Amino acid sequence: RPTDRPTDPDRPTTEADALPPPAALPAAVDARPVGQPVVDAVAMAGAAGGGDDGNLAAVCTHRASELAELLVRANALDNPDAVGGAVQPSSELAELGVTVTFVKSNLAPLLPAAAAADNPNSAAARRRTKLLADPAMAICLRDVRDTLIELRDFFARHVVSTDLPALTHAVWRDQRIFIYQLDFLLKQRMDVVVYLFLKGTEAASTIADAAAKKLWSSAFGAKITMVPWNVFWQLVIAHGGERLRHEEEHVKQFLDFSRSDYVSAFEFGVFVKWFGPYQGCWTRMLEALHSGLVTGFIPALEASALLEGKRAGTFVIRMSKTQPGHFAVTFVDSVGDIKHCLLYSVEGGGVTLKNPPKVFDSLMAFVRAHGAKLKFPLNCKWKQLMSVAKVRAESQRGSRGELPP
């Protein structure tokens, strides 16, 4: 993607929270043995549902292959003469093809063909059997499967079965935005599978920040892969304070970005990478939300569409799809062109463009330092939702004299 690196003045600083003392653990979590995934039978039943039985890795691979076949069919429908601009699936859907390949290549070692080629008593075979029996991994693979099915069905209904060459460029762009929203979710869900299960490391090892890793290990156990959202939310309130209680919807967007109603050790680690270090992370997250800096999980195409026709200096900061834990900045430059650049999270806290390699304490500090080019944050959805939630919470407190549950 093209980049336009702004100049880098002196770095402002931001206030950081003190690390709270360890909170009392919910009894339901504290009672579980270390190494036992914190999942339940209801969720596990859902993971095996939907008419897909057996090896969920094989099911996901089959769905990915179906989608890949539809992509091949769509690639043959290029129309360089579409009204308003060319419709060219062969190039415009290439990024989705990369994600589909990512799914298939990472799940290949779990397929029956791989099992048939291995000695049943080998370490690889034992690990494969253990992974496929893990209810936490089944929940994650179910989510991957469901996203693949949604993408496949959308392609079947709206791309290959329609008169794609006759579509206007504007309609095709709207369809691609929806496709790439699902593509983003698919990549996030597959990232959880890869980093949490397929790399062969202990769950807590996916958390780079030492304080956050210690918190996860002491609250749930270093081998625990994921916990239900309501359990993790108790921990958030205990350590982040009551100020977060009416922000649950928005905090959950960051911590449960795979939308599974669970928080995995990997997702917690990515969250702290975005807003780290852990000490002060809740303040930095709220700062980004309240200021409207963060637009959330939107693909580059959608960011470009949002900024089309906007004045110079309008920008969005979004989560990077290709680099978990990092950001992407999309902005309108001085001549009206839309530019994209990666904004890297730094181990130990802060963000940097890498070129120049200056580190900023927070997103707000970065934006302030680049005010000549990043003037007007465009965050309608999250900032508006946050304001509505805050008003609702304050209204409930006023009528009942307490915070809502």
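Below you will find a few notes about this structure. As the structure is a prediction and not an experimental result, all values here were calculated from the model.

1. Considering helix 15 (residues 300–307)
Spacing of three or four residues puts side chains on the same side of an α-helix, whose turn is 3.6 residues. Those residues of helix 15 that fall on the buried side of the exposure criterion are A300, E302, A303, S304 and L307. Residues of helix 15 that are buried in the fold lie against helix 9 (169–198), strand 4 (314–319), strand 5 (327–332) and strand 6 (338–345). Just downstream of helix 15 lies G309, where phi reads positive at about 80°.

2. With respect to the packing of aromatic side chains
For the structure on display, the rule yields 21 aromatic pairs. With centroids separated by 4.8 Å and ring planes inclined at 5°, the aromatic side chains of Y195 and F266 adopt a geometry described as stacked. Residue Y195 is located in helix 9, and its partner F266 is located in helix 13 (residues 265–275); the two are separated by 71 residues in the primary sequence. Judged by relative accessible area, Y195 falls into the partly exposed class, the value being 30%. Since its relative accessible area comes to 5%, F266 is described here as buried. Ring plane angle 65° and centroid distance 5.2 Å describe the contact between F232 and F268, whose orientation is recorded as edge-to-face.

3. Observations regarding the pairing of strand 6
With respect to burial, strand 6 is a largely interior element, six of its eight residues being buried. Examined bridge by bridge, strand 5 and strand 6 share six bridges and lie antiparallel to one another. Along strand 6, the bridge assignment pairs V332 with I338. Hairpin connection between strand 5 and strand 6: a loop of five residues separates the two successive antiparallel strands, and G336 in this loop has a positive phi of roughly 90°. The pairing of strand 6 with strand 7 (residues 351–352) spans two bridges and is classified as antiparallel.

About the thresholds
Residues numbered from 1 in each chain as written. Predicted model: local features only at pLDDT ≥ 70, side-chain atom pairs only at ≥ 80, totals over all residues. Heavy atoms only, no water. Buried < 20%, exposed > 50% of the residue type's maximum accessible area, 1.4 Å probe, protein only. Helix = DSSP H or I, 4+ residues; strand = E, 2+ residues; numbered from the N terminus. Contact = heavy atoms within 4.5 Å. Phe/Tyr/Trp six-rings, centres within 6.5 Å; stacked < 30°, edge-to-face > 60°. Pairing = 2+ DSSP bridges.

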